[in-house]
Protein chains: 2
Amino acid sequence: MAADQRPKADTLALRQRLISSSCRLFFPEDPVKIVRAQGQYMYDEQGAEYIDCISNVAHVGHCHPLVVRAAHEQNQVLNTNSRYLHDNIVDYAQRLSETLPEQLCVFYFLNSGSEANDLALRLARHYTGHQDVVVLDHAYHGHLSSLIDISPYKFRNLDGQKEWVHVAPLPDTYRGPYREDHPNPAMAYANEVKRVVSSAQEKGRKIAAFFAESLPSVGGQIIPPAGYFSQVADSREKTSSLTSSPWASPLAMATLLPAWPQPSLWRGHLKPPALSTSTRGVGLFIGVDLIKDEATRTPATEEAAYLVSRLKENYVLLSTDGPGRNILKFKPPMCFSLDNARQVVAKLDAILTDMEEKVRSCETLRLQP
Amino acid sequence: MAADQRPKADTLALRQRLISSSCRLFFPEDPVKIVRAQGQYMYDEQGAEYIDCISNVAHVGHCHPLVVRAAHEQNQVLNTNSRYLHDNIVDYAQRLSETLPEQLCVFYFLNSGSEANDLALRLARHYTGHQDVVVLDHAYHGHLSSLIDISPYKFRNLDGQKEWVHVAPLPDTYRGPYREDHPNPAMAYANEVKRVVSSAQEKGRKIAAFFAESLPSVGGQIIPPAGYFSQVADSREKTSSLTSSPWASPLAMATLLPAWPQPSLWRGHLKPPALSTSTRGVGLFIGVDLIKDEATRTPATEEAAYLVSRLKENYVLLSTDGPGRNILKFKPPMCFSLDNARQVVAKLDAILTDMEEKVRSCETLRLQP
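Keep in mind the model is a prediction, meaning the values are calculated, not measured. (Residues numbered from 1 in each chain as written. Chains lettered and ligands numbered in written order. Predicted model: local features only at pLDDT ≥ 70, side-chain atom pairs only at ≥ 80, totals over all residues. Heavy atoms only, no water.)

Enquirer: Looking at this model, I keep getting lost on the overall build of chain A. Mind explaining?
Expert: Assigned secondary structure in chain A consists of twelve helices and eleven strands. Classification of the 369 residues of chain A by burial places 50% in the buried group. If you take every contact in chain A between residues at least 6 apart in sequence, the share linking residues at least 24 apart comes to 65%. Carbon and sulfur atoms form 53% of the exposed surface of chain A, whose accessible area is close to 17,600 Å². (Helix = DSSP H or I, 4+ residues; strand = E, 2+ residues; numbered from the N terminus. Buried < 20%, exposed > 50% of the residue type's maximum accessible area, 1.4 Å probe, protein only. Contact = heavy atoms within 4.5 Å. Areas by Shrake-Rupley, 256 points an atom, 1.4 Å probe, with all protein chains shown as cover.)

Shown next as structure tokens:
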């Protein structure tokens, strides 16, 4: 590729001029120029290697050679729409169906998670003849008009809540109304949903659907992804069977993180991030909720931003999430290793220790310009 | 690829079981199994070669080697989101900006034409603070909830017209209210839009946008398409400069089609298809409006379906469009040649002649099972 030759400052200037500012950059105060990625690593224009704790979309790792080869083999032969018969689409649907409950046996392949959620909404409305939707607070279901309407995370900053949207509390056992000390928080949160539904029905509203999470995206056009995703599935199986401890890394993350030095500034608290469910939360999807104060559990928003910025300077790519943007969101590719977990935790430790000292000596935690 | 080994009947049976029936097949009465494509040709599982008059999405031709190579080179190096800096996205935006009016200077890259139109709708509503939309009758703007609402082609068969949607007549100079014999049909249709807007405003409605056509799709994730589409642009330029008569083929189509034998059954009428505008209609995007009767211009719907089915048996892939589904819609890849145009016209001629004879001898025009 002839690209990747511009100095980073020029790329940034062009981007600011040509691309809408609503297309956000990671680390906006000092964005990273990434020119290459492999496995769990990304590389900037200077060749610096970053550990990627963000890109779970690169499922089996960036640029997995088997996946790249499958895409290339398919692209050379056929890349068209799904209005012709082809084996890939049915083979892949069959393979998917074997991993799902029997009732989930008819498939639609779409361009993005957003398109999938929009279709789910249409199907629910068409089937029930109803219009209304129950969603969880702070949920995000995609960037389309129809999904912004059902995403409190989005609509609170835009057009507000439509009369056909009903918001149930986030089942957050750390900061929500029912916490770890509750005898049965699951039932208590389920009852909240029941209450929201009853209250809507009393007003004569009719519920079409309950959106609890984004549907998985299986993006792109049909023919290549069929091969592509089969290859992803293959690679995942191979990764699992070839490495000595396939699930060592998530295990490591889960084991190491609670052992962090817990600075007096806040306590690291291990829980799935606000928007995830157990299907997303298993294994490598880990959230760490940073707080300023044990009693009030006040989100440590600025500290989380500072920490993520410092980690980036230390070649670890990480992002935050949650209503308070104070949850460190770990979702690396699956090839993330036990060593990677050790490195990341060591860096976190060092930065947290330094932050504690800064706070003790009344220095301001300032983001690098 | 190990695929493409199933007998066609098995593929069809699996498809009917696993893929939603709302995902339509071309030629549903006897679908084609396509396993390979190159340039303007597609190949079925028996190796039969079809001339493709449908896939204008395969812009410079199916599996163009330069495009396939560009995608592969990029996929090996980096395929990630646009929240990091990268040269491809800004280089491509800059290149696009050079082909557009000065005011069109800020870019969003999206997953599909549908996502682009949804965003356009959001931008218009956010900017104007208004909600309503004026659209052309029979228009189709995409398959998302928000776009079905503004697509008469879709909403007439689904939830009907929303109060914030205003439909202007299709500027059809063949079958619409203002025809070829009108002194100024363009002004007359523009006045219709004005009338629709005034009528809406009198009811207190506030117009956010006028949707006249789908925005072009520049699908996929950002990094690879940037390289990919640059390569498409390159290939297009190269195609133009390398072939002796780059625009011979559209010219040929436009020249040959009016010279068709015009059977007494109907007259071939050359016009852009209902949904296209001049930006799409130039060159290879040609519609042929089939009618049963010169005076009433009744759409020859069944005949168009029969003709398309017979063409498929003769290894020409073509589809219909328009409110009456009677418009033969030619939109082949750009590499479609003068010889291809001659072959297609010759086959059309033979089938039309045969159809005339069948009608004369009172045979039914029956689709092959």
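Enquirer: What exactly am I supposed to notice about the sheet that holds strand E4 (residues 132–136) of chain A here?
Expert: Two strands in a sheet stick together by hydrogen bonds in their backbones, pointing the same way (parallel) or opposite ways (antiparallel). All names here are of chain A. Strand order in the open sheet formed by three strands is E5-E4-E6, with parallel pairing between adjacent strands. Unpaired on one side and paired on the other, strand E5 (165–168) and strand E6 (207–211) mark the two borders of the sheet. With strand direction ignored, the average angle separating the axes of adjacent strands in the sheet is 20 degrees. In this sheet, E5 lies alongside E4 in parallel orientation, the contact comprising four bridges. The residue bridging leucine 136 from the neighbouring strand is alanine 168, located in E5. (Pairing = 2+ DSSP bridges. Axes fitted to C-alpha atoms, helices over the stretch in contact; angles between N-to-C directions.)

Enquirer: Would you mind showing me how to read the interface of chain B and chain A here?
Expert: In many reports, interface size means the accessible area that the parts give up when they come together. Each partner contributes to the interface: chain B provides 77 residues, whereas chain A provides 79 residues. Roughly 6,800 Å² is buried in total at the junction of chain B and chain A, and carbon and sulfur atoms are behind 58% of that figure. Here aspartate 91 of chain B and arginine 6 of chain A are joined by a salt bridge, their closest N and O atoms 2.5 Å apart. Taken together, chain B and chain A are joined by 38 residue pairs in polar contact (both at pLDDT 80 or more). Where the side of chain B that touches chain A is concerned, the elements lending two or more residues are helix H1 (8–18), strand E1 (34–38), helix H2 (65–77), helix H3 (87–97), helix H4 (113–128) and helix H5 (145–148) of chain B. (Buried area = accessible area lost by both parts, 1.4 Å probe. Salt bridge = Lys/Arg side-chain N within 4 Å of Asp/Glu carboxyl O. Polar contact = N/O pair within 3.5 Å; in protein donor to acceptor, adjacent residues only side chain to side chain.)

Enquirer: Quick question: what am I supposed to make of the relation of the copies chain B and chain A here?
Expert: One chain copy maps onto the other through a rotation about an axis and a shift parallel to that axis. Of the transformation superimposing chain B on chain A, the axial component is 0.0 Å and the angular component is 180 degrees, with the fit at an RMSD of 0.0 Å. These values place the two chain copies in the arrangement generated by a two-fold rotation axis. Mapped onto chain A, 100% of the interface residues of chain B are again interface residues, and the two copies thus contact each other with one and the same surface. (Least-squares fit on C-alpha atoms with pLDDT ≥ 70 in both.)

Enquirer: Looking at this structure, I do not really get the pairing of strand E2 (residues 41–44) of chain A. What am I missing?
Expert: Every other side chain in a regular strand lies on the same face of the sheet, so the side chains alternate between the two faces. All names here are of chain A. Residues Tyr41 and Tyr43 point to one face of E2 and Met42 and Asp44 to the other, with burial holding for every one of them. Sheet topology places strand E1 (residues 34–38) next to E2; four bridges connect them, and they run antiparallel. Paired with alanine 37 across the strands is methionine 42, a residue of E2. Hairpin connection between E1 and E2: a loop of two residues separates the two successive antiparallel strands, and glycine 39 in this loop has a positive phi of roughly 60 degrees. Alignment of E2 against strand E3 (residues 49–52), held across three bridges, turns out to be antiparallel. By the bridge assignment, tyrosine 41 is partnered in E3 with isoleucine 51. Turn length for the E2-E3 hairpin, with the two strands adjacent in sequence and antiparallel, is four residues, and the turn residue glycine 47 shows positive phi of about 90 degrees.

Enquirer: Looking at this model, I keep getting lost on the nonpolar core. Mind explaining?
Expert: The nonpolar side chains of a soluble globular protein tend to be buried with one another. Counting 36 residues, the largest nonpolar core has Cys53, Leu307, Leu317, Leu328, Phe330 and Val344 of chain A together with Tyr84 of chain B as the members making the most contacts within it. Elements with a minimum of two residues in this core: E1, E2, E3, strand E8 (286–290), helix H11 (301–313), strand E9 (316–317), strand E11 (327–330) and helix H12 (338–360) of chain A. It is H12 of chain A that provides the largest number of residues to this core, a total of six residues. Not counting the four nearest positions on each side in its chain, valine 344 of chain A is found in contact with Ile51, Cys53, Val316, Phe330 and Phe336 of chain A. Counting 34 residues, the second largest nonpolar core, distinct from the first, contains Phe26, Ile34, Val308 and Met355 of chain B. (Core = buried A, V, L, I, M, F, W, Y, C linked by side-chain atoms within 4.5 Å.)

Enquirer: Any chance you could explain unusual backbone geometry here in plain terms?
Expert: Note: most peptide bonds trans; most residues except glycine with negative phi. All names here are of chain B. One non-glycine residue with positive phi stands out, namely cysteine 63, at about 50 degrees. Here cysteine 63 shows up in the loop between strand E3 (49–52) and H2. Its relative accessible area of 11% is what places cysteine 63 among the buried residues. Phi angles above zero are rare outside glycine, and arginine 325 is one such case at about 45 degrees. A relative accessible area of 53% places arginine 325 in the exposed class.

Enquirer: Sorry, what's going on with the environment of isoleucine 34 of chain B here?
Expert: For isoleucine 34 of chain B, the location among the structural elements is in strand E1. C-alpha separation for the pair isoleucine 34 of chain B and asparagine 56 of chain B, spaced 22 residues apart in sequence, amounts to 16 Å. Excluding anything up to four places from it in sequence, isoleucine 34 of chain B contacts Leu78, Tyr84, Leu85 and His86 of chain A together with Met42, Tyr43, Asp44 and Tyr50 of chain B.

Enquirer: It is not clear to me how the packing of aromatic side chains should be interpreted in this structure. Could you clarify?
Expert: Geometrically, a pair of aromatic rings is defined through the distance of the ring centres and the angle of the planes. Using the criterion set out here, one finds 14 aromatic pairs over all chains in the structure. Note on tyrosine 84 of chain A and phenylalanine 26 of chain B: the rings are 5.2 Å apart at their centroids and 55 degrees apart in plane angle, and the pair reads as tilted. Placement of tyrosine 84 of chain A in the loop between helix H2 (65–77) and helix H3 (87–97) and of phenylalanine 26 of chain B in the loop between H1 and E1 is noted, with the two residues assigned to different chains. The pair tyrosine 84 of chain A / phenylalanine 26 of chain B is uniform in exposure class, with both members buried. Geometrically, the ring pair formed by tyrosine 178 of chain B and tyrosine 189 of chain B is edge-to-face, given 5.1 Å between the ring centres and 80 degrees between the ring planes. (Phe/Tyr/Trp six-rings, centres within 6.5 Å; stacked < 30°, edge-to-face > 60°.)

Enquirer: Looking at this structure, how should I read the packing of H2 of chain A against H2 of chain B?
Expert: Two numbers describe a pair of packed helices, the interaxial angle and the distance between the axes. In the contact formed by H2 of chain A and H2 of chain B, the axes pass within 10 Å of each other and the chain directions differ by 175 degrees. With respect to H2 of chain B, the axis of H2 of chain A lies roughly antiparallel. Each of Val68, Ala71, His72, Asn75 and Gln76 of chain A in H2 of chain A lies in contact with H2 of chain B, whose residues at this interface are Val68, Ala71, His72, Asn75 and Gln76 of chain B. Split into classes, the residues belonging to the contact of H2 of chain A with H2 of chain B amount to four nonpolar, six polar and no charged. (Parallel < 35°, antiparallel > 145°, perpendicular 65-115°, else oblique. Nonpolar A, V, L, I, M, F, W, Y, C, P; charged D, E, K, R; others polar.)

Enquirer: Quick question: what am I supposed to make of the pairing of E11 of chain A here?
Expert: Residues and elements named next belong to chain A. Of the two faces of E11, both are covered, the one formed by Ile327 and Lys329 as well as the one formed by Leu328 and Phe330. Where E8 and E11 come together, four bridges link them in antiparallel fashion. Each residue of the ladder has a partner; that of isoleucine 286, found in E11, is phenylalanine 330. As paired strands, strand E10 (residues 319–321) and E11 are joined by three bridges and run antiparallel to one another. Opposite aspartate 321, over in E11, you have isoleucine 327 as the bridge partner. Connecting the antiparallel pair E10 and E11 is a turn made up of five residues, with glycine 322 showing a positive phi of about 95 degrees.

Enquirer: I would appreciate a short explanation of the sheet that holds strand E4 (residues 132–136) of chain B in the present structure.
Expert: Residue and element names in this part refer to chain B. The strand order across the open sheet formed by three strands is E5-E4-E6, and the pairing between neighbours is parallel. Where the open sheet ends on each side, the last strands, each with one partner, are strand E5 (165–168) and strand E6 (207–211). On average, adjacent strands in this sheet sit at an angle of 20 degrees to one another, irrespective of strand direction. Set on the sheet, H4 makes contact with E4 and E6; between it and E6 the angle comes to about 150 degrees. Together, E4, E5 and E6 form the strand contacts of helix H7 (residues 185–202), whose direction differs from that of E5 by roughly 155 degrees.

Geometry only, nothing functional implied.
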